[in-house]
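What the coordinates show
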Amino acid sequence: MRRPKINLSKRKHLQTSAKFLGFVLLLGEIEIAWGAKILGVRVWPSEDYTRITLESDKALPITHQILTNPDRLVVDVQGLELNPTLKDLVAKVKPNDPYVSQIRVGQFQAGIVRLVFDLKEPIKPQLFTLDPVAEYNYRMVFDLYPTTPPDPLMELVKSSARKESALAKSNEEVDLIAQFAAKKDIPKAPVAQAIPETKDIPAPAKYKRLITIAIDPGHGGEDPGAIGSMGSKEKNVVLSIAKRLRDKIEGEAYMRPFLTRDGDYFVPLNVRVQKARRVEADLFVSIHADAFIQPNAKGASVFALSQLGASSSMARWMANKENASDLIGGINIKTKDQQVANLLLDMSTTAQIKDSLQVGNSILKQIGGFAPLHKAKVEQASFAVLKAPDIPSILVETAFISNPQEEARLNDESYQDRIAEAILKGIKEYFSKNPPVARRSNS
């Protein structure tokens, strides 16, 4: 059978078309392999969990597997080629990371990068992706949680055991003095005057148990909070103030502090509330240094929860901004317990808000003694972080970081210390009038 003849010009056309098609297919492969660009890699270690974030200009699929003996997490990122930015991830792991000993990065296959996390202990990973928000592009987030998370209440009890013992001893001595005074028909107060030989015995204890103050430095990790014109980040300023407040509370015989975060890492809003409830806090103080659209906005503020609506348009604006923290910081929506979150919203009580307003006014009065106030009274808005149903909760805006003068003040150590001291004095004034009731537990 004779083959059909194809003229030379048509044959050349077919050959050229084939070559062009091959070139197009090659470009397609290059687009798949090189189309995505890694913009940044970050590691956020903490006792709660370690977070690893890869930021890219395109959404990329990820898969993972857990291996044992030794413990490893293996993550494959598709549509990617190894580059210097990814290699930088190796140096991001520090020796004090609680869960990751090292990270190895390599080209597993064409268009697939493999990351191997060598672990210090077994973990429960949560891997998810985030769409662009605020200044971030697409993010791949790897959260490595311990299989047995630390119990914050037990850690708090251990750290304050000496205070608990001293308080119990003080209460026993007060009871003995009262009994002695009753038997001898001696006036009970003032004790030191009634019984001269007992001048070294402490005055009657006002509190029957330690008062637990949950201190909540806003933002952290992926969420920087507001940023001032000089580049100051809210998350860093408020953590510094929170630690100063913690140290001052440590110096009080009848109080103990608990930080919802003690480093630069992200804590979701509902988790902050849950942490405060787990340690049975008597007061929740969230510390912030926010920004406003107008750079001349100035002055400190104190906020409490509102069930009826914001007390001002600025209060509403600030609450909406703070409530967006979860979107910026990055939460795994699939695993978030929405039922618990809704329960917290529904259980917020009038009594909690009343107590919050009282302690808020005490703190605002103390801050107003040395710093300008944005409003002379406690404002109210629907801040998600204030929705613990059974804990008086306030949010302190220490100053506007968006105001250049106040940004400089917020970075001044003496101002930070005075703010912390004012918050402490306000807390002490509140509890002197509203001592906490005894609990059934020994915590």
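Residues numbered from 1 in each chain as written. Predicted model: local features only at pLDDT ≥ 70, side-chain atom pairs only at ≥ 80, totals over all residues. Heavy atoms only, no water.

Right, let's get into the pattern of salt bridges. Within the structure shown, the criterion is met by 24 salt bridges. One salt bridge connects Glu 252 with Lys 428, and the closest N-O pair in it is separated by 3.4 Å. You can see Glu 252 sitting in the loop between helix 7 (234-250) and strand 10 (255-259) and its partner Lys 428 sitting in helix 14 (residues 413-433), a full 176 residues away along the chain. For Lys 428, a relative accessible area of 35% gives the class partly exposed. The structure contains a network of salt bridges with shared partners spanning Arg 244, Lys 248, Glu 413, Asp 417 and Glu 421. (Salt bridge = Lys/Arg side-chain N within 4 Å of Asp/Glu carboxyl O. Helix = DSSP H or I, 4+ residues; strand = E, 2+ residues; numbered from the N terminus. Buried < 20%, exposed > 50% of the residue type's maximum accessible area, 1.4 Å probe, protein only.)

Read from one edge of the open sheet, six strands run 10-9-11-14-12-13, paired in mixed fashion. At either end of the open sheet lies a strand with only one pairing partner, and these are strand 10 and strand 13 (379-381). When strand polarity is set aside, the average angle formed by the axes of neighbouring strands in this sheet is 30°. Two elements, strand 9 (residues 211-217) and strand 10, share five bridges in a ladder whose sense is parallel. In the sheet register, Ile 213 faces strand 10, and the bridge partner there is Pro 257. Running at roughly 50° to strand 13, helix 9 (residues 313-323) makes contact with strand 11 (283-288), strand 12 (301-305), strand 13 and strand 14 (393-397) of the sheet. (Pairing = 2+ DSSP bridges. Axes fitted to C-alpha atoms, helices over the stretch in contact; angles between N-to-C directions. Contact = heavy atoms within 4.5 Å.)

Quick look at the sheet that holds strand 8 (residues 138-146) now. With respect to topology, four strands assemble into an open sheet ordered 1-2-8-7, the strand pairing being antiparallel. Looking at which strands have only one partner, the edges of the open sheet turn out to be strand 1 (38-44) and strand 7 (123-130). The sheet shows a mean angle of 10° between the axes of neighbouring strands, taken without regard to direction. As paired elements, strand 2 (residues 50-56) and strand 8 share seven bridges and run antiparallel to each other. Its bridge partner being in strand 8, Arg 51 is matched across the sheet by Asp 143.

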